[in-house]
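So the chains spell out like this:
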Amino acid sequence: MIRIAHFSDLHYGTKNRMEADRCFGAAIDRAIALGIEAAVLSGDATDHALDLHAPAAERLFAQVRRLADHCPVLMLQGTFSHEPPGTLAIFKLLGGRYPVHVAERIEQVALTAQGQWLVSTGWCFDQLPAGARALFSCVPTVNKAAVAAAVGAADAAQAVGEHLAILLRGFVPINRAARLQGLPTIGVSHGTVFGCLSEHDVPMAGFDHEFTTGALFAAETQAFMLGHIHRHQFWEQEGRAGRQCIAYPGSIGRFHYGEEGEKWFLVWEVDADQARFALEATPARRTIDIVFDGKPDLDILRTTVSQQDIAGAFVRVRWTVADEDRHEVDRREIERLLEGAVETKLEGRIVPVVRTRAAGISQLAHLADKVRVWAQVTEARVEPLLACLQALSGQEPEAIVECVLRGQEIHCGESRTKIEPMTDIEPVSLF
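What counts, and where the lines are drawn
The residue numbering used here restarts from 1 in each chain and proceeds along that chain's sequence as written. Since the coordinates come from a predicted model, pLDDT governs what is reported: local features require at least 70, and pairs of side-chain atoms require 80 or more to be given and counted, while whole-chain, interface and lining totals use all residues. Computation of side-chain values covers all heavy atoms of the structure but excludes hydrogens and water. Grid points spaced at 1 Å over the protein atoms alone were grouped into cavities, where a 1.4 Å probe fits but cannot get out, and pockets, open sets with protein on both sides within 12 Å along at least five of seven lines, with lining residues defined by an atom within 4 Å of a point. Grid points are joined across faces, edges and corners, and a volume is the space filled by probe spheres set on the points. Only DSSP runs of H or I covering at least 4 residues are called helices, and only runs of E covering at least 2 are called strands; the numbering of each starts at the N terminus. When residue character is reported, Ala, Val, Leu, Ile, Met, Phe, Trp, Tyr, Cys and Pro are called nonpolar, Asp, Glu, Lys and Arg charged, and the others, Gly included, polar. Fitted lines through C-alpha atoms give the axes, limited to the stretch in contact for helices. The angle between two N-to-C directions lies from 0 to 180 degrees. Oblique is the label for any angle not under 35 degrees, not over 145, and not in the 65 to 115 range, which are roughly parallel, roughly antiparallel and roughly perpendicular in turn. Crossings are classed by handedness, with left-handed meaning an anticlockwise turn of the near helix from the far one by less than a right angle and right-handed meaning a clockwise turn. Contacts were defined at the residue level, with two residues in contact if any of their heavy atoms lie within 4.5 Å. At least two DSSP bridges between two strands are needed for those strands to be called paired. Only protein chains enter the accessibility calculation, which uses a 1.4 Å probe; a residue is then buried when its area is under 20% of its type maximum, exposed when over 50%, and partly exposed in between. We score Asp and Glu as negative and Lys and Arg as positive, and we do not count His or the chain ends. Within this document, salt bridges are pairs made up of a side-chain nitrogen of Lys or Arg and a carboxyl oxygen of Asp or Glu, the two lying within 4 Å of each other. Nonpolar core, defined: a set of buried Ala, Val, Leu, Ile, Met, Phe, Trp, Tyr and Cys residues in which side-chain atoms within 4.5 Å join the residues together. Two N or O atoms form a polar contact when they lie within 3.5 Å of each other; inside protein one atom must be a possible hydrogen donor and the other a possible acceptor, and for residues adjacent in sequence the pair counts only when both atoms belong to side chains. Pairing of aromatic side chains here covers Phe, Tyr and the six-membered ring of Trp, requires ring centres within 6.5 Å, and sorts the geometry by plane angle: under 30 degrees stacked, over 60 edge-to-face, intermediate tilted.

Caption draft 1: Molecular detail of the layout of surface pockets. Its volume calculated, the largest pocket comes out at about 320 Å³. Contributing to the lining of the largest pocket are 16 residues, with Lys 15, Asn 16, Arg 285, Phe 314 and Glu 343 lying nearest its centre. Within the residue set of the lining of the largest pocket, elements represented by two or more residues are α1 (17–33), β15 (314–322) and β16 (343–351). Among the elements that take part in the lining of the largest pocket, α1 stands out by supplying four residues, more than any other. Residue classes in the lining of the largest pocket are distributed as four nonpolar, three polar and nine charged.

Next comes the structure, spelled out in structure tokens:
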């Protein structure tokens, strides 16, 4: 049996540095205290390309070196937009007590009893290396652009999943040989499992996802350690390969508002015929979302603040208002009510005024006909509008203005009309 700490999606970067470093540092402390024998980082250690002199890069190097002083470390290439190719190469040179292996290609690596990594020359071992203690099958992020160039953009999404399923089945013979010798077998990859849930509780269903649970179980590893999805979830099955388990630990910290659930890293115990893990929480920041369907109600906001502990939390307030009401939102008062929060983010969605166009209205010769068509489009009563139009057409502009200012009715023959603002009618373009 081997005990492995599984971390993923650290996302060290300019914006996330403090959250990532606090959570990863606490996770390393806990993992060392639990006596882990190896560590796996399953992709997206960085959030974007980092300069070597960047504070985020320095902190990530320091934390991985601290981990490597305790046990061997395996780092997997993650999403190219987060970890541009070559980003992880420098970690091989950290020089800790134990080596850091960076898996940038499809390969197998064996961990020896002496804590060294033995790497296959091809995509898998022809036979098990002598002295192996555990066998890892590594499938880093797939370059979908290369697949599209080979099979065409239209077929690329489906081709990725099909080729990965074939690849995973190709690991079976060597995994079976390892199991017969009593060695734990572990898969490590970075991608999306069809049907998994995102951190915002959205099912990930589509033809462009890399894996199915069936394809992952078909590799016949006891544990399959995944990265990329920021929400912890897992799948298990019992079969001829023993008790198999697939799991995402989720991101090490909470990097976005609206993320559901706690944040964890996993401590695995993997045998030749079974795998199990324990959840270990990280000190991720607290986020609070306060959402209004319309204009923010300050009384409701005060009540919400009094009922929730916002001290030390990151608070987001969201609302939706019509364009003409946007000036009525008191941002300063909202910020004052939330002054105990570490961060206050205000997001207002403005609904623009929608103008309805009446087809062919510009071709009508008479204004009265245009008003009839306009009323039909906007579902307004046409009679008072025509009466008003008739009253207006029979008076001089100065007289109309004087009547409006005095609130008097306008007389036009037998017609009497009082001009009042019409605020409940939808605007429309007459031309």
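Back to the write-up after that little detour.
Caption draft 2: Just the packing of helix α9 (residues 367–378) against helix α10 (residues 382–393), in detail. Packing of α9 against α10 brings their axes to within 10 Å, and their N-to-C directions diverge by 155°. In terms of orientation, α9 and α10 fall into the roughly antiparallel class. Between α9 and α10 the crossing geometry is right-handed. For the pair α9 and α10, the contacting residues are Leu 367, Ala 368, Val 371, Arg 372, Trp 374 and Ala 375 in the first and Val 382, Leu 385, Leu 386 and Leu 389 in the second.

Caption draft 3: Main features of the sheet that holds β16. Strand order in this open sheet of three strands is β14-β15-β16, and the pairing throughout is parallel. In the strand order of this sheet, the two ends are held by β14 (287–291) and β16, each with one partner. Taken pair by pair, the neighbouring strands of this sheet meet at an average axis angle of 15°, ignoring direction. Two elements, β15 and β16, share nine bridges in a ladder whose sense is parallel. Paired with Arg 318 across the bridge in β16 is Glu 347.

Caption draft 4: Structural context of the sheet that holds strand β5 (residues 107–112). In space, the seven strands of this open sheet follow the order β6-β5-β7-β8-β9-β11-β10, with mixed pairing throughout. Looking along the sheet, the strands with just one partner apiece sit at the ends: β6 (117–119) and β10 (233–239). Neighbour-to-neighbour, the strand axes of the sheet open up by a mean angle of 20°, direction not taken into account. As defined by bridge partners, β5 adjoins strand β7 (residues 132–139) across six bridges and the pair is classed as antiparallel. Looking at β7, one finds that Leu 111 is bridged to Ala 134. Packing against the sheet, helix α5 (residues 172–180) makes contact with β5, β7 and β8 (185–190), and its axis sits at approximately 160° to β7.

Caption draft 5: View of the side chain of Glu 199. As for its placement among the helices and strands, Glu 199 is situated in the loop between β8 and α6 (213–217). Comment: no salt bridge for buried Glu 199; closest opposite-charge side chain is Lys 263, at 6.4 Å. Not counting residues up to four positions away in its chain, the partners in contact with Glu 199 are His 230, Arg 231, His 256, Gly 258, Glu 259, Glu 260 and Lys 263.

Caption draft 6: View of empty space enclosed by the protein. In total, this model carries one cavity of 30 Å³ or more according to the counting rule given. If you trace the largest cavity, you find it lined by Val 139, Pro 140, Thr 141, Val 142, Leu 164, Ser 189, His 190, Glu 210 and Phe 211. Its residues assigned to classes, the lining of the largest cavity comprises five nonpolar, three polar and one charged.

Caption draft 7: Representation of the nonpolar core. In terms of nonpolar packing, the biggest core is built from 34 residues, with Phe 7, Phe 24, Leu 67, Met 75 and Phe 91 touching the most fellow members. Taken together, the elements giving at least two residues each to this core come down to β1 (2–7), α1, β2 (38–41), α2 (55–68), β3 (73–76), β4 (100–103) and β12 (264–270). In contact with Phe 24, other than residues within four places in its own chain, are Phe 7, Leu 10, Tyr 12, Leu 41, Leu 60, Gln 63, Val 64, Leu 67 and Ile 252.

Caption draft 8: Focus on the pattern of salt bridges. Counting across every chain of the model gives 29 salt bridges. The partner of Glu 259 in a salt bridge is Lys 263, and the shortest N-O contact between them spans 2.6 Å. The two residues Glu 259 and Lys 263 agree in class, both being buried. Because the salt bridges share partners, they merge into one network encompassing Asp 289, Arg 316, Arg 318, Lys 345 and Glu 347.

Caption draft 9: View of the side chain of Arg 285. By the secondary structure assignment, Arg 285 is in the loop between β13 (275–281) and β14. Within polar-contact distance, the side chain of Arg 285 engages the backbone oxygen of Phe 255 at 3.5 Å. Residues within four places of Arg 285 in sequence aside, it is in contact with Glu 19, Arg 22, Arg 254, Phe 255, His 256 and Phe 314.

Caption draft 10: Summary view of the packing of aromatic side chains. Within the structure shown, the criterion is met by nine aromatic pairs. Taking the centre distance of 6.3 Å and the plane angle of 80° together, the rings of Tyr 12 and Phe 24 count as edge-to-face. A residue pair is termed long-range when its members are at least 10 positions apart, and Tyr 12 in the loop between β1 and α1 and Phe 24 in helix α1 qualify at twelve residues. In this structure Tyr 12 comes out as buried when scored by relative accessible area, which is 0%. With a centroid separation of 6.1 Å and an interplanar angle of 70°, the aromatic rings of Trp 235 and Tyr 248 are classed as edge-to-face. Pair noted here: Trp 235 is in strand β10 and Tyr 248 is in strand β11 (residues 242–248), with a separation of 13 residues, a long-range link. Taken together, the aromatic side chains of Phe 7, Tyr 12, Phe 24 and Phe 265 make up a single cluster linked through ring pairs.

Caption draft 11: Just the packing of α1 against α2, in detail. Interaxial distance between α1 and α2 falls to 11 Å at its minimum, and their mutual angle equals 5°. With respect to their mutual orientation, α1 and α2 come out roughly parallel. Across the interface between the two elements, Arg 17, Asp 21, Phe 24, Gly 25, Ile 28 and Asp 29 from α1 touch Pro 55, Ala 56, Arg 59, Leu 60, Gln 63, Val 64, Arg 66 and Leu 67 from α2. Taken together, the residues that form the contact of α1 with α2 break down as seven nonpolar, two polar and five charged.

So far we have only geometry, and geometry alone does not tell us how the molecule works.
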